[in-house]
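# A structural walkthrough
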Amino acid sequence: MTLHSAVKGKLLAVIGDEDTCVGFLLGGIGEINKNRHSNFMVVDKNTAVSDIEDCFKRFVKRDDIDIILINQNVAEMIRHSIDAHTQPIPAVLEIPSKDHPYDATKDSILRRAKGMFNPDDIH
């Protein structure tokens, strides 16, 4: 008897500037679900914060997305929504962009993970 997995793979979603999205799309992450919704959002200087927040909430609700990658400078715009997301899946990872380097002090997910460990227990 052989075991066969019929589980379909899950997706990455990207919210970021044009260069970030294009890079991941060239890497093959682009998908459109049965409702014709893509798994990425390109953010530019004219994108409304409410549009970014709505997209993030849509990605969180989708059952075909397991990881959401978001540029850290974009994440700062919707920090309250990211902080309110406490479920492990989809995981939210803040990444740098070409124009904005990564700053670990701003990453709320990293701060939450560090808070899980007591420094005395690490030895």
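Heads up: the structure comes first, above all this text.
Described below are features of the structure shown in this document. Because the structure is predicted, anything quoted here is derived from the model rather than measured. (Residues numbered from 1 in each chain as written. Predicted model: local features only at pLDDT ≥ 70, side-chain atom pairs only at ≥ 80, totals over all residues. Heavy atoms only, no water.)

This next bit is on the environment of Ile68. Residue position: Ile68 is located in strand 3 (residues 65–71). The exposure class of Ile68 is buried, given its relative accessible area of 0%. With 57 residues separating them in the primary sequence, Ile68 and Leu11 have C-alpha atoms 8.7 Å apart. Ignoring sequence-local partners within four residues, the contact set of Ile68 consists of Ala13, Ile15, Phe56, Phe59, Val60, Pro90, Ala91, Val92 and Leu93. (Helix = DSSP H or I, 4+ residues; strand = E, 2+ residues; numbered from the N terminus. Buried < 20%, exposed > 50% of the residue type's maximum accessible area, 1.4 Å probe, protein only. Contact = heavy atoms within 4.5 Å.)

A few words on the pattern of salt bridges. Under the criterion given, the structure shown has 5 salt bridges. Lys57 serves as the salt-bridge partner of Glu53, at 3.5 Å between the closest nitrogen and oxygen. Of the two residues, Glu53 and Lys57 are both situated in helix 2 (residues 49–61); the distance of 4 residues between them amounts to about one turn of the helix. Here Arg79 and Glu94 are joined by a salt bridge, their closest N and O atoms 2.5 Å apart. (Salt bridge = Lys/Arg side-chain N within 4 Å of Asp/Glu carboxyl O.)

All right, on to the side chain of Asn71 then. Looking at the element boundaries, Asn71 is found in strand 3. In this structure, Asn71 is in contact with Ile15, Gly16, Asp17, Thr20, Ile95, Pro96 and Ser97, ignoring residues within four places of it in sequence.

Ranked by size, the top nonpolar core spans 17 residues in total, and within it Ile15, Ile52, Phe56, Phe59, Ile68, Ile70 and Ile82 carry the most contacts. Those elements that place two or more of their residues in this core are strand 1 (11–16), helix 2, strand 3 and helix 3 (72–77). Ranked by the residues each element gives to this core, the list is headed by helix 2, at 4 residues. If near-sequence neighbours (up to four positions away) are discounted, Phe56 is found in contact with Ile15, Ile68, Ile78, Ser81, Ile82, His85 and Val92. (Core = buried A, V, L, I, M, F, W, Y, C linked by side-chain atoms within 4.5 Å.)

As enumerated under the stated definition, the model contains 0 disulfides in all. As a non-bridged cysteine, Cys21 has Cys55 as the owner of its nearest cysteine sulfur, 9.1 Å distant. A residue is classified by how much of its surface remains accessible, and Cys21, at 2% relative accessible area, is buried. Residue classification places Cys55 among the buried positions, given a relative accessible area of 3%. (Disulfide = S-S within 2.5 Å.)

Another point: the pairing of strand 3. The buried count for strand 3 comes to 5 of 7 residues, which makes it a mostly enclosed element. Relative to strand 3, strand 1 is paired through 5 bridges, and the arrangement is parallel. Paired with Leu12 across the two strands is Ile67, which belongs to strand 3. As defined by bridge partners, strand 3 adjoins strand 4 (residues 91–95) across 5 bridges and the pair is classed as parallel. Each bridged residue has a counterpart across the sheet, and for Leu69 the counterpart in strand 4 is Leu93. (Pairing = 2+ DSSP bridges.)

In terms of burial, strand 1 is largely enclosed, as 5 of its 6 residues are buried. Of the pairings in the sheet, the one linking strand 1 to strand 2 (residues 40–42) comprises 3 bridges and is parallel in character. The residue of strand 2 that forms the bridge with Val14 is Phe40. Note on the crossover from strand 1 through helix 1 (residues 18–26) to strand 2: the handedness is right-handed. (Right-handed = clockwise from strand over helix to strand, strands pointing away.)

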